[in-house]
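Here is how the chains run, residue by residue.
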Amino acid sequence: RLFRSVDGSGGIGDRETFADVERSIRKQVVSLVLTIASFLFVAAGICHVVEQVQPGSFSRPNIDDSDCPFERTEDAVPSYLWPSHCRFSLLDAFYLAVVTASTIGFGDIAPTTDTARIVILVIIAVLFIIIPRETTKLTE
């Protein structure tokens, strides 16, 4: 159908076929973008939760965290009361997910605990599956 509509060897029906192909491609591109965006938001949420459960799971070398209370004890100060430079925000987590997914890896935020490393490995593994699968749909 695609080749008939591209070479123009038909009539009105071929224009409809070309419109169908164009609509299908547009739908697949939107699906790809939404799948990747959804995954990045989920990955950022997981990284944020890991940091909340195990403070200090992600290092930020350009920040002096010597005064940050990363240890969890019964009488510890809740993390939402920590100084702002000690908190790993959802924006930090989303930034980490995007930098990891794009394979840029600036090194300004890095996993420091085993749990954080496992989470990052799972993010990379899933992206190696999702992105090729979704982009292959564009060529079908």
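Owing to the predicted nature of the structure, the values given are computational and were not obtained by experimental measurement.

## Observations regarding the side chain of Ser 57
- Within the secondary structure layout, Ser 57 lies in the loop between α2 (12–53) and β1 (58–59).
- Within the structure, Ser 57 has its side chain in polar contact with the backbone oxygen of Gln 54 (distance 2.6 Å).
- Sequence-distant contacts of Ser 57, defined by excluding residues within four places in its chain, comprise Val 50, Glu 51, Ala 110, Pro 111, Thr 112, Thr 113 and Ala 116.

## Brief notes about the side chain of Thr 100
- Structurally, Thr 100 is set in helix α3 (residues 90–101).
- With a relative accessible area of 15%, Thr 100 lands in the buried category.
- Among all residues touching Thr 100, those that are not within four sequence positions of it are Ile 120, Ile 123 and Ile 124.

## Focus: the packing of α3 against helix α4 (residues 114–139)
- At a minimum axis separation of 10 Å, α3 and α4 run at an interaxial angle of 50 degrees. The orientation of α3 relative to α4 falls into the category oblique. Classified by chirality, the crossing of α4 by α3 is right-handed. Where α3 approaches α4, its residues Leu 96, Thr 100 and Ala 101 are matched on the opposing element by Ile 120, Ile 123, Ile 124 and Leu 127.
- Residues that form the contact of α3 with α4 fall into these classes: six nonpolar, one polar and no charged.

## Considerations on the pattern of salt bridges
- All chains considered together, the criterion is met by five salt bridges.
- A salt bridge links Glu 134 to Arg 133; the nearest nitrogen and oxygen atoms lie 3.2 Å apart.
- Since its relative accessible area comes to 4%, Glu 134 is described here as buried.
- Residue Arg 133 is classed as partly exposed on the basis of its relative accessible area, which comes to 44%.
- Between Lys 137 and Glu 134 there is a salt bridge; the shortest N-O distance is 3.3 Å.

## Things to note about the packing of aromatic side chains
- Under the definition given, this model contains two aromatic pairs.
- Note on Phe 41 and Phe 94: the rings are 4.8 Å apart at their centroids and 20 degrees apart in plane angle, and the pair reads as stacked. Here Phe 41, found in helix α2, pairs with Phe 94, found in helix α3; they are 53 residues apart in sequence, far enough to count as distant.
- Overall, the relative accessible area of 25% leaves Phe 94 in the partly exposed class.
- Ring centres of Phe 58 and Phe 88 lie 5.1 Å apart, and the angle between their planes is 10 degrees; this geometry places the pair in the stacked category. Of this pair, Phe 58 sits in strand β1 while Phe 88 is found in the loop between β1 and α3, placing the two residues 30 residues apart along the sequence.
- Taking relative accessible area as the criterion, Phe 58 reaches 3% and is therefore assigned buried.

Criteria and cut-off values
Residues numbered from 1 in each chain as written. Predicted model: local features only at pLDDT ≥ 70, side-chain atom pairs only at ≥ 80, totals over all residues. Heavy atoms only, no water. Helix = DSSP H or I, 4+ residues; strand = E, 2+ residues; numbered from the N terminus. Polar contact = N/O pair within 3.5 Å; in protein donor to acceptor, adjacent residues only side chain to side chain. Contact = heavy atoms within 4.5 Å. Buried < 20%, exposed > 50% of the residue type's maximum accessible area, 1.4 Å probe, protein only. Axes fitted to C-alpha atoms, helices over the stretch in contact; angles between N-to-C directions. Parallel < 35°, antiparallel > 145°, perpendicular 65-115°, else oblique. Left-handed = near helix turned anticlockwise from the far one by under 90°. Nonpolar A, V, L, I, M, F, W, Y, C, P; charged D, E, K, R; others polar. Salt bridge = Lys/Arg side-chain N within 4 Å of Asp/Glu carboxyl O. Phe/Tyr/Trp six-rings, centres within 6.5 Å; stacked < 30°, edge-to-face > 60°.

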